[in-house]
Amino acid sequence: MECVFGLVGSDFVIVVADASAVNSILVHKTNEDKIMKLDSHKLIAASGESGDRVQFTEFIQKNVALYHFRNGIPLTTAAAANFTRGELATALRKNPYMVNILLAGFDRETGPSLYYIDYIATLHKVDKGAFGYGSFFCLSMMDRHYHSGMSVEEAVELVDKCIMEIRSRLVVAPPNFVIKIIDRDGAREYAWRESVKEPQQPSLRV
């Protein structure tokens, strides 16, 4: 029951993902970070099959870093989104990745942006987007409460409303969520919304 969503504010993008690693009826962990940092001003949030999600996002991360290393300049958010879309489209005809992506970034020239990329390589620039079962509730909440030029406080309040709606409406709702923000100062973790904490593993004495 995964959920990834995000929205564009006045001068930032906020991205949220559930933190559950699930297989069939088993919950393996509830502190899985599904939002990966591509570079100082880009984040990629992904949902889908765990193996595909980890492998594909790491592949994109390393290629974005390789481009910067070779050319001395980073990819723009639009260029990174189009590269990601191209790799998904190529894989679609060979060995497709079952992964849906929200790619967010901040560029000095164009400001904040958010790109919606699904597993069949559809690419759209959006102001708000969501994937997973939780998207049924997130999208309706954002349709009602989202407006352009939101402040960070307004965006976080809307995110909390979406999380509350998911927890109260979804049959098997993920307990924990991670919230990250990208603005002119870079990408950073903003907060966790946790209702279940991972137990501390006892230290082994030799």
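Details of the structure are given in the entry above.
First, a word on what this report is: a plain description of the structure on this page. Keep in mind that this is a model prediction, so the values were computed, not measured.

1. Considerations on the environment of Ala78
Point 1. Here Ala78 is to be found in helix H2 (residues 77-92).
Point 2. Taking the relative accessible area as the measure of exposure, Ala78 reaches 29% and is therefore partly exposed.
Point 3. With 25 residues separating them in the primary sequence, Ala78 and Leu103 have C-alpha atoms 9.2 Å apart.

2. Re helix H1 (residues 50-71)
Point 1. Between the first and last C-alpha of H1 there are 32 Å, a value that for 22 residues agrees with the 32 Å anticipated at 1.5 Å per step.
Point 2. All buried positions along H1 are accounted for by Arg53, Phe56, Thr57, Ile60, Gln61 and Val64. Along H1, the residues classed as buried sweep out an arc of 135 degrees about the axis, all on the same side. The exposed set on the far side of H1, more than 90 degrees from its buried face, consists of Lys62, Phe69 and Arg70.
Point 3. Tucked into the core, H1 has its buried residues touching strand S5 (35-39), strand S6 (42-48), H2 and strand S7 (99-107).
Point 4. Immediately downstream of H1, the backbone of Gly72 shows phi near 80 degrees, a positive value.

Analysis parameters
Residues numbered from 1 in each chain as written. Predicted model: local features only at pLDDT ≥ 70, side-chain atom pairs only at ≥ 80, totals over all residues. Heavy atoms only, no water. Helix = DSSP H or I, 4+ residues; strand = E, 2+ residues; numbered from the N terminus. Buried < 20%, exposed > 50% of the residue type's maximum accessible area, 1.4 Å probe, protein only. Expected span 1.5 Å × (residues − 1). Arc of directions from axis to C-beta. Contact = heavy atoms within 4.5 Å.

Geometric values such as these leave the question of function open.
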